[in-house]
Amino acid sequence: MINHWIVRLLDFLPRNLVWVFSKRYIAGKELKDAVSVTRKLNNQGIKATMDLLGEFQTRAEKVQYYKDEYIRLIETSVENSLDNSFSVKPTMFGLLLDENMCYANVREIVAKAASLGRFVRIDMEDSQCTDRELDLYRKLLNEFPGHVGIVLQAYLKRTLSDIKNLVEFDKGRGLINVRICKGIYNEPAEMAFKDKEEINLNFLIDLDFMLSNNVFAAIATHDRKLIQGSYVKLKEQKVSHEKFEFQMLYGVTPELRKSIVDRGHTMRVYVPYGKDWYNYSTRRLRENPKMVSHIIKALFFRG
Ligand SMILES: Cc1cc2nc3c(=O)[nH]c(=O)nc-3n(C[C@H](O)[C@H](O)[C@H](O)COP(=O)(O)OP(=O)(O)OC[C@H]3O[C@@H](n4cnc5c(N)ncnc54)[C@H](O)[C@@H]3O)c2cc1C
């Protein structure tokens, strides 16, 4: 209840105050901030996936700007020998306005990354984007095999069938690379599980299918139960280290993250940055008011 009231007050809070809440989860406003955070993570044996903030673009000039910024990001990462991949949100490139424009822009980014031996993951947005983002993934996978991945959300009832379709599409090449996460958007009950236990069960069913079908699994969660459940599946199926990694968000559960790294597993941290931090933060808070408690806790407790 309190969370909902705070979310309602967001529009009246000064940006500087929202920044105080948000900065733990965002590398900074500039590219150099993301470089510095990624370097620190790399020094701790952790990989990163760098994400330029900005979603749901409606203006073509802005799309061009974001594309150029991603190209600059890729070049800067390579110049600095950082160990990271890149995450992109297709609505930033006009997915919902003009799919061809979006494809052309994301294609340029993936082509640049691939030419430098790097990897790009297409983040999954709300359910109006699911089919479009899967289509985009399949197209780019054919053009840049081994350099592009997708995200699927365990709360969606369709996800297992989406993974099965991707495996069929792959025809045994072993190129499918999926980040499996719970999902952050508010989706209607007809299409999404709402109960936490049900989402967790689906997460592990999806993961099990991925591991037994030669799909690279990026296991993205901070939920201890799911991490334990994943360990069991990885052991049962004797999955080799090249076929999975764990992923977490920057600023979230660093102790749990360390415990996974200490076991010798690959860990990749999602590092968002950019001038559009405000919309990203407030949208996340509105979508998931439970985040408010995490943020309030983060103000008082560290680690
Ligand atoms: C690397 C990565 C990429 C992602 N990409 C996408 C995507 O493309 N599309 C999408 O829909 N969703 C994405 N998500 C978000 C994801 O879907 C979940 O909403 C989010 O990870 C919270 O789920 P959880 O599995 O951590 O479980 P939860 O049950 O939400 O959290 C488990 C525990 O983690 C801690 N925790 C979780 N979040 C926070 C926080 N913000 N601050 C402090 N503690 C916290 C709490 O202790 C909590 O009890 C991504 C998540 C990660 C880690």
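Just above sits the structure.
Values in this document were obtained by computation on a predicted structure and should not be read as measured data. (Residues numbered from 1 in each chain as written. Predicted model: local features only at pLDDT ≥ 70, side-chain atom pairs only at ≥ 80, totals over all residues. Heavy atoms only, no water.)

1. Thoughts on the environment of Y270
1) Next: On the secondary structure map, Y270 appears in strand β8 (residues 267-273).
2) Next: Linking Y270 and Q247, residues 23 residues apart in sequence, is a C-alpha distance of 7.2 Å.
3) Next: For Y270, the contacting residues outside a window of four places in its chain are T49, D51, S87, K89, D123, R179, M248, L249, Y250 and Y280. (Helix = DSSP H or I, 4+ residues; strand = E, 2+ residues; numbered from the N terminus. Contact = heavy atoms within 4.5 Å.)

2. Things to note about the pattern of salt bridges
1) Next: For the structure shown, the criterion picks out 22 salt bridges.
2) Next: Note that R158 and D131 form a salt bridge whose closest N and O atoms lie 2.7 Å from each other. Of this pair, R158 sits in the loop between β4 (148-153) and α7 (159-170) while D131 is found in helix α6 (residues 130-143), placing the two residues 27 residues apart along the sequence.
3) Next: Residue class for D131 comes out partly exposed when judged on its relative accessible area of 47%.
4) Next: As a salt-bridge pair, K182 and D223 come within 2.8 Å of each other at their nearest N and O atoms. With K182 in the loop between β5 (177-181) and α8 (196-212) and D223 in the loop between β6 (216-220) and α9 (224-236), this pair connects stretches of sequence that are 41 residues apart.
5) Next: Accessibility expressed as a relative area gives 12% for D223, which makes it buried.
6) Next: Through salt bridges with shared partners, a single ionic network connects D51, K89, D123 and R179. (Salt bridge = Lys/Arg side-chain N within 4 Å of Asp/Glu carboxyl O. Buried < 20%, exposed > 50% of the residue type's maximum accessible area, 1.4 Å probe, protein only.)

3. Brief notes about the pairing of β8
Within a regular beta strand, the side chains point alternately toward one face of the sheet and then the other, so they alternate between its two faces.
1) Next: Counting buried residues along β8, seven of its seven residues qualify, which places the element largely inside the surrounding structure.
2) Next: Here β8 shows a buried face lined by M267, V269, V271 and Y273 and a second buried face lined by R268, Y270 and P272.
3) Next: Pairing analysis gives six bridges linking strand β1 (residues 47-52) to β8, with the strands arranged parallel. Each residue of the ladder has a partner; that of A48, found in β8, is V269.
4) Next: As paired strands, strand β7 (residues 244-249) and β8 are joined by four bridges and run parallel to one another. Paired with M248 across the bridge in β8 is V269. (Pairing = 2+ DSSP bridges.)

4. What about the site of the ligand?
1) Next: Every one of the 24 residues lining the ligand counts as a neighbour, but M124, K182, G183, T221 and H222 are closest to it.
2) Next: Within the contact set of the ligand, an oxygen atom lies 3.0 Å away from a backbone nitrogen or oxygen of I184.
3) Next: Contributions of two or more residues to the shell around the ligand are made by β4, β5, β7 and α12 (290-300).
4) Next: If one sorts the elements of the shell around the ligand by residue count, β7 sits on top with three residues.
5) Next: In the shell around the ligand, the residues fall into 12 nonpolar, seven polar and five charged. (Near = heavy atom within 4 Å. Polar contact = N/O pair within 3.5 Å; in protein donor to acceptor, adjacent residues only side chain to side chain. Nonpolar A, V, L, I, M, F, W, Y, C, P; charged D, E, K, R; others polar.)

5. Considering the environment of L10
1) Next: Its place among the elements puts L10 in the loop between α1 (2-9) and α2 (15-22).
2) Next: Apart from residues no more than four positions distant in its own chain, L10 is found in contact with V18, Y278, T282, L285 and R286.

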